[in-house]
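# Coordinate inspection notes
Take a look at the letters that make up each chain.
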Amino acid sequence: MSNRHSIIPIRDALSRVNQNVNLIGFVRESSFPRKSLGTDYVSILKIVDESYKDEEFSVHLFTEKLEHLPVVRSYKDIIILYQVKIEEFNGRIDAVFKKKSSSYALFDEQSCIDCNPYQASPGFRLLRPDIGFIRRMGNLCATFPFRGGGMDEYLLSLKHLKNKEYFDVVCKVLHVEKTANNTWMLFVWDGTDTPPLSFDMHLQDDEQSRLPLHVEQFPLPMDIICSFPCVGTVLRVMTNEAHEKFGLNFKGIGQWVRIRNMTCEVHFGLWKGLLLSSSRFRFLPNNDNTVLDCIRNFNFRVAEEEGRLPSWSSPPYLTVVDYENVPFATLMDLLTKPEVDVTVKCIVRVVAVFPPQAKDFCRPIESGQYRMRLTLEDPTARIHATLSGDNWVKFFGDSFSIVILKSKVNKLLGVLDGEDSSSVRNPPWIQCCISLNSGEYRICGTSFVG
């Protein structure tokens, strides 16, 4: 390493193909650390400096161990790179970090003061002449221009989520959880509601294969659920096998990020985001224009009287309620109050019923009461709610004809007249009152009017 030379601007590095150089810059974007196609681990950073503000320079880092890859904490973070090779591939010039000869160190705004990096590769030694570069970059943190990155044509809010092959999302990362199959799940939010989905499963199948209440296999701990916003969808985003230790290294919980080049799929009528091997993330400052738009739109929404109504719902509804003065709430409002006895008014969809057969749900159970379970959803959550006794009679009326009851339930479930239960269905929005008592959700004071 005795042949190290001075740090050069990124702009000058473009003319030094096949040479080793030293660079310093702000990290604007990072891929998720992952296994390479060979035996190494790889991460791709995009960096900028004063000579290269309007574009971003890619640095490909290869290391023998995953924990040796840089883990960026903030959009202000600075990286110093020693002996990276400038290479040209398909007309594009990038820097390549060689695991045996290159080294790096990461600094945040605070560690620039004493030049003590918060992370460094094995064998990194800061050269004395470079201390001035680090402190100068630290002084630029607050004023250096920041670009959100990515093309707006690929940017979607969760409200406009669709089965598009690749897209970007600006969101706040609320939580990261390891799943049962050793992958990782991100919980992200931007204050908007994902679009409601249709269902193509057989209604009878709910007895054997019930609709899950959430994408994750096991429910989250209550303290985590209670930390989530009660308005707006919390989207679950899955990693793949390439991101084996993602959650151990990710430092973005509680921060706004732009996730780039992700996709999504539908899981039992729920949206599920998917990270790809090529996915990247970019930490965003709180004063980024896109972040400010998200916050502004959310604050405007919750300030409105109907801020807790789903964005996709509108009257008239199939039902009416007795308790007009009861406040509107989301299902997440209910989930975050497990110990409180309360009655609220919700706008929801009935996505499943149990028992599924009309001949069964119009038959009194052993107690002599009619009883059924409805699976309700809104953009924030799914729950099971019981409809029984006098509230059952109030809801369906005093006609116990199997034909009439089946017709009403089919309308709730979005089954069109003349079609069987295997058809694609799109449940309509209804309003209903839900009481939470001793941990059980019960539908009350609600009547079906068609």
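Residues numbered from 1 in each chain as written. Predicted model: local features only at pLDDT ≥ 70, side-chain atom pairs only at ≥ 80, totals over all residues. Heavy atoms only, no water.

### Re the nonpolar core
Worth spelling out the cut-off: Here, the term nonpolar core denotes a set of buried Ala, Val, Leu, Ile, Met, Phe, Trp, Tyr and Cys residues that are joined through side-chain atoms within 4.5 Å. Think of it in three bands: with a 1.4 Å probe and only protein chains considered, a residue is buried below 20% of the maximum accessible area for its type, exposed above 50%, and partly exposed in between. Each helix corresponds to a stretch of at least 4 residues labelled H or I by DSSP, and each strand to a stretch of at least 2 residues labelled E; elements are numbered beginning at the N terminus. Note that the domain bounds reflect an automated or database-derived domain assignment. In this description, contact between two residues means that some pair of their heavy atoms is separated by no more than 4.5 Å.
L23, I47, F57 and L81 are the most contacted members of the largest nonpolar core, which has 50 residues in total. The biggest single contributor to this core is strand β10 (residues 167-178), with five residues. Structurally, this core is a two-domain feature, drawing no fewer than three residues from each of domain 1 (10-140) and domain 2 (152-303). Other than its neighbours up to four places away in sequence, F57 contacts I10, L14, L23, L45, K46, I47, Y52, I86, I93, D94 and A95. Among the nonpolar cores identified, the runner-up in size contains 32 residues, and L318, A329, V350 and V409 belong to it.

### Concerning the layout of surface pockets
In plain terms, the rule: Cavity and pocket criteria rest on a 1 Å grid covering protein atoms alone: a 1.4 Å probe that fits but cannot get out defines a cavity, protein on both sides within 12 Å along at least 5 of 7 lines defines an open pocket, and an atom within 4 Å of a point defines a lining residue. Grid points are joined across faces, edges and corners, and a volume is the space filled by probe spheres set on the points. Residues are grouped as follows: nonpolar covers Ala, Val, Leu, Ile, Met, Phe, Trp, Tyr, Cys and Pro; charged covers Asp, Glu, Lys and Arg; every other residue, Gly included, is treated as polar.
For the largest pocket, the calculated volume is near 640 Å³. Residue lining of the largest pocket: 36 residues in total, with L213, R236, T380, A381 and R382 positioned closest to the centre. Mapped onto the lining of the largest pocket, the elements with two or more residues apiece are α4 (222-225), β12 (235-238), β14 (270-283), α7 (331-335), β17 (371-378), β18 (381-388) and β19 (429-437). Residues that form the lining of the largest pocket fall into these classes: 24 nonpolar, six polar and six charged. Each of two domains, domain 2 (152-303) and domain 3 (308-448), supplies a minimum of three residues to the lining of the largest pocket. A volume near 390 Å³ is recorded for the second largest pocket. Every residue lining the second largest pocket is counted, 17 residues in all, and those nearest its centre are S157, K159, D190, T192 and N297. Counting residues per element, the ones that place at least two in the lining of the second largest pocket are β9 (155-156) and α6 (289-303).

### Some words on the packing of aromatic side chains
Each pair of aromatic rings is reported with the distance of its centres and the angle of its planes. Put simply, the test is: A pair of Phe, Tyr and Trp rings is counted when the ring centres sit within 6.5 Å of each other, with Trp represented by its six-membered ring. The angle between the planes then sorts it: under 30 degrees is stacked, over 60 is edge-to-face, the rest tilted. Distance and angle both matter: a charge sits over a ring if NZ of Lys or CZ of Arg is within 6 Å of the ring centre and within 35 degrees of the ring normal.
A complete count under the given rule lists 18 aromatic pairs for this structure. Note on F246 and F250: the rings are 5.0 Å apart at their centroids and 20° apart in plane angle, and the pair reads as stacked. Connected via pairs of aromatic rings, a cluster forms that spans F32, F246, F250, F281 and F283. Across from the ring centre of W429, 5.8 Å away, lies the NZ or CZ of R349, which sits over that ring.

### Remarks on the domain arrangement of the protein
Our working definition: Summed over both partners, the accessible area lost on bringing two parts together, with a 1.4 Å probe, is the buried area. Salt bridges are defined as contacts in which a side-chain nitrogen from Lys or Arg sits within 4 Å of a carboxyl oxygen from Asp or Glu. For the purposes of these results, a polar contact is taken to be a pair of N or O atoms within 3.5 Å, where, inside protein, one atom must be able to donate a hydrogen and its partner to accept one; residues adjacent in sequence count only when each atom of the pair is a side-chain atom.
Segmentation of the protein into domains returns domain 1 (10-140), domain 2 (152-303) and domain 3 (308-448). Once you take the C-alpha centre of each, domain 2 and domain 3 turn out to be 27 Å apart. Between domain 2 and domain 3, a total of about 2900 Å² is buried, with carbon and sulfur atoms accounting for 60% of that surface. Counting across the domain 2 and domain 3 interface gives zero salt bridges. Inspection of the domain 2/domain 3 interface yields eleven residue pairs in polar contact (both at pLDDT 80 or more). A class-by-class count of the residues in the side of domain 2 that touches domain 3 yields 18 nonpolar, seven polar and seven charged.

### Some points on the pattern of salt bridges
Within this structure, the stated rule accounts for 22 salt bridges. Note that K98 and E87 form a salt bridge whose closest N and O atoms lie 3.2 Å from each other. Here the residue K98 occupies a position in the loop between β6 (92-97) and β7 (103-107), and E87 occupies one in strand β5 (residues 78-89), the gap between them amounting to eleven residues. In this structure K98 comes out as partly exposed when scored by relative accessible area, which is 32%. Judged by relative accessible area, E87 falls into the partly exposed class, the value being 27%. R442 is the partner of E440 in a salt bridge, and the nearest nitrogen-oxygen pair spans 3.1 Å.

### Considering the UniProt feature "domain: Telomeric single stranded DNA binding POT1/Cdc13" (unreviewed entry) in the protein
In plain terms, the rule: UniProt positions are given in the numbering used here, feature names are shortened, and annotations may be inferred rather than shown by experiment.
In the UniProt entry, the feature "domain: Telomeric single stranded DNA binding POT1/Cdc13" (unreviewed entry) is given for residues 7-142. The annotated region residues 7-142 carries 13% helix and 40% strand content, and the separation between its end C-alpha atoms amounts to 22 Å.

### Quick word on the pairing of β7
Every regular strand shows the same layout, with side chains that alternate between the two sheet faces. Put simply, the rule reads: In this analysis, strands are considered paired if DSSP registers two or more bridges between them.
The element β7 is largely enclosed, with a buried count of five among its five residues. Side-chain alternation along β7 places S103, A105 and F107 on one buried face and Y104 and L106 on a second face that is also buried. With five bridges connecting them, β5 and β7 associate as antiparallel partners. Across the sheet, I78 pairs through a bridge with F107, a residue of β7.

### Quick notes on the side chain of T336
Topologically, T336 is positioned in the loop between α7 and β16 (342-354). Among the residues examined, T336 registers a relative accessible area of 17% and is labelled buried. At a separation of 3.0 Å, a polar atom in the side chain of T336 contacts the main-chain carbonyl oxygen of D333. Once residues lying within four places of it in the same chain are set aside, the contact partners of T336 are I225, C226 and C230.

### Some points on unusual backbone geometry
Residue P316 is reached from P315 by a cis peptide bond, and omega for that bond is 5°. Between F354 and P355 the backbone carries a cis peptide bond, its omega angle lying at 0°. Note that P355 resides in the loop between β16 and α8 (358-361). Here C115, not a glycine, exhibits a phi torsion of approximately 55°, which is positive. You will see that S438, though not glycine, has its phi angle at about 55°, which is positive. Considering the arrangement of structural elements, one finds S438 in the loop between β19 and β20 (440-444). Using a relative accessible area of 67% as the deciding quantity, one classes S438 as exposed.

### So, the environment of V326
Tracing the sequence through the fold places V326 in the loop between β15 (319-321) and α7. What makes V326 buried here is its relative accessible area of 16%. V326 sits 18 residues away from V344 along the chain, and the two C-alpha atoms are 5.8 Å apart. Here V326 is in contact with T343, V344 and K345, once residues within four sequence places are set aside.

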